[in-house]
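Spelled out from the first residue to the last, the chains are:
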Amino acid sequence: MSTSKIDRLVKMINQISLNMSSNGSQEQVSVEVSEHLTKFWSPPMKSLISDYADDENIGLTPISRMAVTHLAALQSLK
Amino acid sequence: MLEFYEPQADFGTPESDSETMITLSIDGVNVTVPEGSSVMRAASESGIKIPRLCATDSLKSFGSCRICLVEIEGRRGFPASCTTTVEEGMEVKTQSDDIGKLRRNVMELYISDHPLDCLTCPTNGDCELQDTAGEVGLRSVRYGFEGDNHLVAEKDESNPYFTFDPSKCIVCSRCVRACEETQGTFALTIDGRGFESKVSAGQDEAFMDSDCVSCGACVDACPTATLTEKSIIDAGKPEHSVVTTCAYCGVGCSFKAEMKGNEVVRMTPYKDGKANEGHACVKGRFAFGYATHKDRITVPMIRDSIDDPWQEVSWEEAVSFTAKRFKEIQANHGRTSIGAISSSRCTNEEVYLVQKMVRTGFGNNNIDTCARVCHSPTGFGLKTTLGESAGTQTFASVAKADVIIVMGANPTEAHPVFGSRLKRRLREGAKLIVIDPRQIELVSAPHIRSDYHLPVRPGTNVTVLNALAHVIVSEGLQAHDYIAERCDTEEFSKWTKFISDERHSPEETEQFSGVPALDLRAAARLYAQGGNGAIFYGLGVTEHSQGSTAVMAIANLAMLTGNIGREGVGVNPLRGQNNVQGSCDMGSFPHELPGYRHISSKETRHLFEGEWGVTLDPEPGLRIPNMFDAAIDGEFRGLYCQGEDIAQSDPNTQHVEAALTALECLVVQDIFLNETAKFAHVFLPGASFLEKDGTFTNAERRISRVRKAMPPLSGKADWEGTMALANALGCNFQYGHPSEIMDEIARLTPTFNGVSYKKLDQLGSIQWPCNDHTPAGTPVMHVDEFVRGKGFFAITEYVPTEERANRKFPLLLTTGRILSQYNVGAQTRRTSNSQWHDEDTLEIHPHDAEERGISHGDWVGIQSRVGETVLHADVTSRVKPGVVYTTFHHPVSGANVITTDNSDWATNCPEYKVTAVQISKVTAPSSWQARQKSFNAKQQDLLAKARQ
C-alpha cells in the first residue's frame, strides 16, 4: 500500500469528521462519520482504512479514529 | 411530432390569468374570456383574426399601428382592439366597410415607404406585413413611391446571426419592447421623432457594438424582414419543424427545430414550452452550427496506444475491440478495475442505460456522472434536509416572489432565459439580495439594482448563511407555526442552540466573509419579513470544500422562514448543464440506483435484480476522483466516458492527465475529438441532441422530450452505441426506441411511475414526481409535508477550506461562465459565439493589477500550489481586491491546471471556486500550455492520418 493512498483517505475522513464535529458528542459524531463512510465509500477504501484502525500514527483525529474503529467492526461482520 | 412548417399561433396580446370570466359578442358570436383580456385576444381565441402589426402576444399591447381598429356598440370612433379590454355584454364588430377603409388607408401609408421586393425578400411567405396587406385587401398605393422614404437606409450586418435592415422597418416598436419586456436588456430604442423615427441599437451603434445580447427576442418579434436570421437569408423558409429541448443549460428551453430536409435552418423558441415560454438566449437560439461542424467525427476509431494513429473501423469492430479489452482488464485486475462516467449532456434514457450497463455488464457500481463536479452537494444537502435531491419550484414561480436571494449564481450569463424572468419580477418591484464575490449583472443593470450585495470572500459562504440564520433567530423573526407543524422540533432545538452562538453573529463572521455586518443584518430582516422569499443558487455555492454544508444552510434558511411549499418561494438550484437533474435522477452516482435509492437497500436491489436478471453489488463504487486516484495507483484500468470532457473540466488537470495516461483502455463517446479523447484508445462517435430521441430533465424537475430532427451522422444514437457495447459484454439489452427505456425507468422508479412518452406528448412536459398520486406531475414540492416527513435542520458548522491565501499565493481565484460560451466550449467554440469570447481572460481588480505593474491586456502568469497557466489580464472592478476570476471555456487556457484536488467533505465535489494564486506579468505561455500545444498538435495529426 502506498503511503499517499492511506494519506488521502485519512485526509478525507478528517475532513468529514471536522465538518460533522458540531453534530453531537464525539461518540455520536464518530458513529455518523462511520455511517457516512459505509454509505459512500467503495469497499477497497473501507477495507484499507479499516486495516489501519489500530495504527495511531497515520494522522487520524480522535473522532476519525473512533469512526474507523466503528467501521472496522462493521467490516469484520461482513 | 414532425409538423409542416407553420409560424407559431399568435393571439395578439398576452393571456389574462384572471379567474373572473367575461362574456361579450364578437361579430355576433358570444365569446367568454378571462377579465382583463383584450378584445383582440378574445377575438383570436374565438377564431377571428383581427389584422394587426404592432401587437404580438408575447408583449403588452401598445396601440401604435392603428390596423386593429374595431367598432364597439355604444362607443364613438374605432378603438384599437389590442388596447381595449373586454367588458360584459360588449358587442364588437371586427369587419365593416368603414373599418376596411381605415385599415387600407393605414396600410397604404406603411407600404408607401416599404421596398416592394417581396419575391426576393428572405421572409417572403413568412411576413406579417405581407399577410396584413392581404388581409386588409390593399390593392394600390395612391401616394406613389417617389416621396421621402427610408428605402436606402443602410443594413447592419454586424451580428453573426441576424441582419438589421432598416429599409424594411415599420417602426412598430415590437423589437424595442421585446428587448425590454421579454429579455430585459434595454439595448434597443426608437431614436428620433416623426419621420426620422428609427430603431437604434444603443447610442445609434452597430448591433455588435451595443449592449445587445443576441437573445433573438427582437428577431422573433419583428413582423417584417427588418430583423432576419442570416440562416434564413441563406437557406430560405423552413419546410417542416420538430419540437425539441435545448441541449445547453439547465433551464431546458423548448424549441422548434425548423428544418429543410435534414438541415436545421432555424431554432425558434417554442411558445408552449413551459420552461421558457417562447424566449431564448444566444446559445439555444443561434449556436446550433456545431452539430454539423467539420470537426464532427462520425466513424468509430480504435488504436492500441495513444501514440498510434487512429484507425477508422466499423461500429461492430470498435465495440468488439472495447469489449475484449474490458474483459481482459477485468480478468487480470478484477471486476472493479473498470468503470464509466456518464454525461449530463446526454438524455435520461442514455444515462440510465450507461449505469445499467455498468451495474449489469461490468458487474460493479463504478458509475459516476459529471454532476459529481457541479451539483452533487445539492443532492446530498437537499436529500438530508428536505428528503429529495431536487429544487422545489417551477421557474414561473419567481413571478410570485417578493424577496429573491441569488447566491453563487449568475443567471443573466449562465441561465439567461431564467435571468430574464427574474429581471421582469425585479422590475415589478421584488427585492433582491445578491451574495457573490463578484458584482454580477443583477447587482446593477438597467432598471434593476440589488437591495443588498453581500460580496462574500470565496470559501466563506457558510459563515454568511449561518449569520443570516443567526440574525433571524436572535431577532425572533422565524416562522414559529410553520416550524412547529412542518419540522423536526427536537432537531430544531439543537440547531437553534447551535446557530444562536455568538460566533455566528454577523459581527463575528465579518472577519471571515468580508461582508459588512450591518448589510448582512438588513438582508436577513428583508428575507425573513419581506413576504415570499425565494433562493436561487448555483455552483458558487456547491463547488467548495463546504458545498454540502452551504446547501443545507440554504435549506435551513428557507424552512426557518416558512419559505418552502408554495409558489413564489423555495430552494432553487440552478443546474449548469441541460440534464444535470436527470442524470442524477437516473442512478448515475456510484451509491444510488435510479430515484436516489441507496444501493445497500435490499428491497430496491431486488426490484432491479428482478427486472435486469442479475445480482447487484450492494456496495458503492468509485467516485470520479477515486477513479483517477485508483488509475494512478494501477487498480483502475478501463473507463468508458460518454459525453464528458474530464481532461478539460475536472480540477488539477495534470493529475487528471496522469490518470488518463495510466488507463489501459479509455473509451470516449463524443461528437468531437475532445481533450479527453486525445488520451483514448477507442472513439465512439456521439450524436448531437438533434440526432436522437429521448428526454432531458431541467432544474425544475421538468421532463421534456428531445426529438430526432435529423438522422445520427454516425448511424447510431448514443443509446444505441451503449446498447451495442453492453451486449458485447454479455448483456441482453433489447430496446427498439428510447420510449421503451423510459417505460422501464417508470416501472422501477416511484417518482417516474406515471411518466411515458405518450403522456409527455399530451402534456408537453412533466415535473416529477409523477405517479398515481400526482398524475400530471408536481410543480411545487413539499406542499403539505416534506418528502422526508419532518424538515431537518442540519448543523452547519463552518470549517474553513485548507486552501488559504498566504504571502506566496496572496489572491483567491474563483471561476465561472459567460453568456456566449458553454461549459468546456466544445459546442459554442465551434459557432460564431466565439466572436464574443474568443479567449478566457483573468479578471483582476485595478488595485491588485497596479501593485503588480499589470495593465489591461497584459499576459499574466497565474500560479497556484498545483500548477501555472497564462492568460490575458482584464483589469476590472467587477472583482473585489484580493479576488481574481476566470472562465474555462477554452482548453488552451488551462484554467483547471491551477485548480486543486480540494473537494466537498461529503461528496468530493471539487473546490473550483477557491484557489490561492499569485499573479505576475509574463511574456510567454506556461510550460503546461507549451506541452498542451505540442500534445494537441500530435493528436490532431494522428486523427488526420485516420481520416486520410
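Residues numbered from 1 in each chain as written. Chains lettered and ligands numbered in written order. Predicted model: local features only at pLDDT ≥ 70, side-chain atom pairs only at ≥ 80, totals over all residues.

The name given to chain B in an unreviewed UniProt entry is Formate dehydrogenase subunit alpha, with SAR92 clade bacterium as the source organism.

As named in an unreviewed UniProt entry, chain A is Formate dehydrogenase, taken from SAR92 clade bacterium.

Chemist: Let's hear about the overall build of chain A: which residues, and what values?
Modeler: Secondary structure summary: chain A contains four helices and zero strands in total. Each helix (α) and strand (β) of chain A, taken in turn from the N terminus, gives the series α-α-α-α. Taking 2.2 N^0.38 as the reference for a compact globule, 78 residues should give roughly 12 Å; the C-alpha atoms of chain A span a radius of gyration of 11 Å, in line with that estimate. Overall, the C-alpha framework of chain A stretches about 35 × 25 × 20 Å when taken along its three principal axes. Counting all 78 residues of chain A, 37% fall into the buried class. (Helix = DSSP H or I, 4+ residues; strand = E, 2+ residues; numbered from the N terminus. Rg over C-alpha atoms; globule rule 2.2 N^0.38 Å. Buried ≥ 20, exposed ≤ 12 C-beta atoms within 10 Å, placed from the backbone.)

Chemist: I'd love a proper account of the overall build of chain B, names of residues and values included.
Modeler: Helix and strand counts for chain B stand at 30 helices and 37 strands. Against the globule reference of 30 Å for 948 residues, chain B gives a C-alpha radius of gyration of 29 Å, in line with a compact fold. When its C-alpha atoms are laid out on the principal axes, chain B stretches across 90 × 70 × 65 Å. Relative to its full complement of 948 residues, chain B shows a buried share of 59%.

Chemist: Tell me what's going on with unusual backbone geometry, and back it up with residues and numbers.
Modeler: All names here are of chain B. Each neighbour pair has its own omega, and for W768 with P769 the value is 0°, a cis peptide bond. Its location among the elements puts P769 in the loop between β31 (765-767) and β32 (811-816). In this structure, R66 takes a positive phi of about 65° despite not being glycine. Note that R66 resides in the loop between α1 (39-45) and β4 (71-72).

Chemist: Please set out the interface of chain B and chain A residue by residue, giving values where relevant.
Modeler: Opposite the 16 residues of chain B that make contact, chain A presents 16 residues. Residue composition of the side of chain B that touches chain A, by class: six nonpolar, six polar and four charged. (Contact = placed C-beta atoms within 7 Å. Nonpolar A, V, L, I, M, F, W, Y, C, P; charged D, E, K, R; others polar.)

Chemist: Lay out the UniProt feature "domain: 4Fe-4S His(Cys)3-ligated-type" (unreviewed entry) in chain B in plain terms, naming residues and giving numbers.
Modeler: Per the UniProt record, "domain: 4Fe-4S His(Cys)3-ligated-type" (unreviewed entry) is found at residues 98-137 of chain B. End C-alpha to end C-alpha, residues 98-137 of chain B measures 13 Å, and it is 60% helix and 0% strand. (UniProt positions renumbered as here; feature names shortened; annotations may be inferred.)

Chemist: An account of the sheet that holds strand β37 (residues 915-921) of chain B is needed here, citing residue identities and associated values.
Modeler: Residue and element names in this part refer to chain B. The sheet built from six strands closes into a barrel, its strands ordered β32-β36-β33-β35-β34-β37 with mixed pairing. Shown here is a sheet whose adjacent strand axes are inclined to one another by a mean of 45°, direction ignored. Taken together, the five bridges between β32 and strand β36 (residues 883-887) define a ladder with parallel strand orientation. Bridge assignment links G816 to a residue of β36, and that residue is T887. (Pairing = 2+ DSSP bridges. Axes fitted to C-alpha atoms, helices over the stretch in contact; angles between N-to-C directions.)

Chemist: Could you give an account of the environment of N833 of chain B, with specific residues and numbers?
Modeler: Residue and element names in this part refer to chain B. In this structure, N833 sits in the loop between β32 and β33 (841-844). For N833, a count of 27 C-beta atoms within 10 Å gives the class buried. Along the chain, N833 and C374 lie 459 residues apart, while their C-alpha atoms are 24 Å from each other. Apart from residues no more than four positions distant in its own chain, N833 is found in contact with V282, K283, A287, S820, Q821 and T828.

Chemist: Got a sec to walk through the packing of helix α8 (residues 315-333) of chain B against helix α25 (residues 718-728) of chain B? Specific residues and values, please.
Modeler: Packed helices, taken two at a time, are described by their axes: the angle between them and the distance between them. Residue and element names in this part refer to chain B. Across the interface, α8 lies against α25 with an axial gap of 9 Å and an inter-helix angle of 50°. Regarding the angle of α8 to α25, the classification is oblique. α8 and α25 meet at a crossing whose hand is right-handed. Judged by residue contacts, W315, V319, S320, T322 and A323 of α8 engage A724, L725 and A728 from α25. (Parallel < 35°, antiparallel > 145°, perpendicular 65-115°, else oblique. Left-handed = near helix turned anticlockwise from the far one by under 90°.)

Chemist: Describe the nonpolar core, listing the residues and the values that go with them.
Modeler: Residues and elements named next belong to chain B. Formed by 165 residues in total, the largest nonpolar core has its most connected members in C175, C218, I404, L468, I535 and I554. Considering each element in turn, this core owes the most residues, ten residues, to helix α19 (residues 547-560). Non-local contacts of I554, meaning those with residues more than four positions away in its chain, are made with L465, I535, Y537, V541 and V571. Ranked by size, the runner-up nonpolar core spans 109 residues in total, among them Y640, L812, I844 and V897. (Core = buried A, V, L, I, M, F, W, Y, C linked by C-beta atoms within 7 Å.)

Chemist: Any chance you could break down the sheet that holds strand β21 (residues 452-454) of chain B for me, citing the residues and the numbers?
Modeler: Residues and elements named next belong to chain B. Taken together, the five strands give an open sheet; going across it, the order is β21-β18-β17-β22-β23, and neighbouring strands pair in parallel fashion. Lying at the two open borders of the sheet, with one neighbouring strand each, are β21 and β23 (570-573). Each neighbouring strand pair of the sheet contributes to a mean axis angle of 15°, computed without reference to strand direction. Pairing of strand β22 (residues 533-537) with β23 involves four bridges; the strand directions are parallel.

Chemist: Help me get a handle on the confidence of the model for chain A, residues and values and all.
Modeler: If pLDDT is low for a region, its predicted coordinates should not be looked at in detail. On average, residues of chain A score 92 in pLDDT, and 96% of them reach the 70 mark or higher. Across chain A, element-level confidence peaks in helix α2 (residues 26-40) of chain A with a mean pLDDT of 97 and bottoms out in helix α4 (residues 62-77) of chain A with 92. (pLDDT = per-residue confidence, 0-100.)

Chemist: Summarise the pairing of β32 of chain B; cite the residues concerned and give the values.
Modeler: All names here are of chain B. Along β32, six of the six residues are buried, which leaves the element largely enclosed by surrounding structure. Burial along β32 is two-sided: L811, L813 and T815 facing one way and L812, T814 and G816 facing the other are all buried. One ladder, built from three bridges, connects β32 with β37; its direction is antiparallel. From the neighbouring strand, L812 faces β37, where its bridge partner is A916.

Chemist: Describe the domain arrangement of chain B, and please don't skip the residues or the numbers.
Modeler: Examined at the domain level, chain B breaks down into domain 1 (11-136), domain 2 (162-292), domain 3 (301-374 + 580-767), domain 4 (376-573) and domain 5 (811-937). Inter-centroid distance (C-alpha atoms) of domain 1 of chain B to domain 3 of chain B is 53 Å. (Domains from an automatic or database assignment.)

Chemist: Can you break down the pairing of strand β2 (residues 21-26) of chain B residue by residue, with the values?
Modeler: All names here are of chain B. Burial along β2 is one-sided: the residues I22, L24 and I26 are buried and none of M21, T23 and S25 is. The sheet contact formed by β2 and strand β3 (residues 29-34) spans six bridges and is antiparallel. The residue of β3 that forms the bridge with L24 is V31. A loop of two residues connects β2 with β3, the two strands running antiparallel in sequence, and D27 in this loop sits at a positive phi of about 50°. As judged from the two bridges shared by β2 and strand β5 (residues 91-93), these two strands associate in the parallel manner. Of the residues in β5, the one forming a bridge with I26 is V92.

Chemist: Tell me about the packing of helix α21 (residues 602-612) of chain B against helix α26 (residues 738-748) of chain B, and name the residues and values.
Modeler: All names here are of chain B. Across the interface, α21 lies against α26 with an axial gap of 10 Å and an inter-helix angle of 145°. Remark: the crossing between α21 and α26 carries right-handed chirality. Mapping the contact onto sequence places L607, F608 and E611 in α21 and E744, R747 and L748 in α26. Broken down by class, the residue content of the contact of α21 with α26 amounts to three nonpolar, no polar and three charged.

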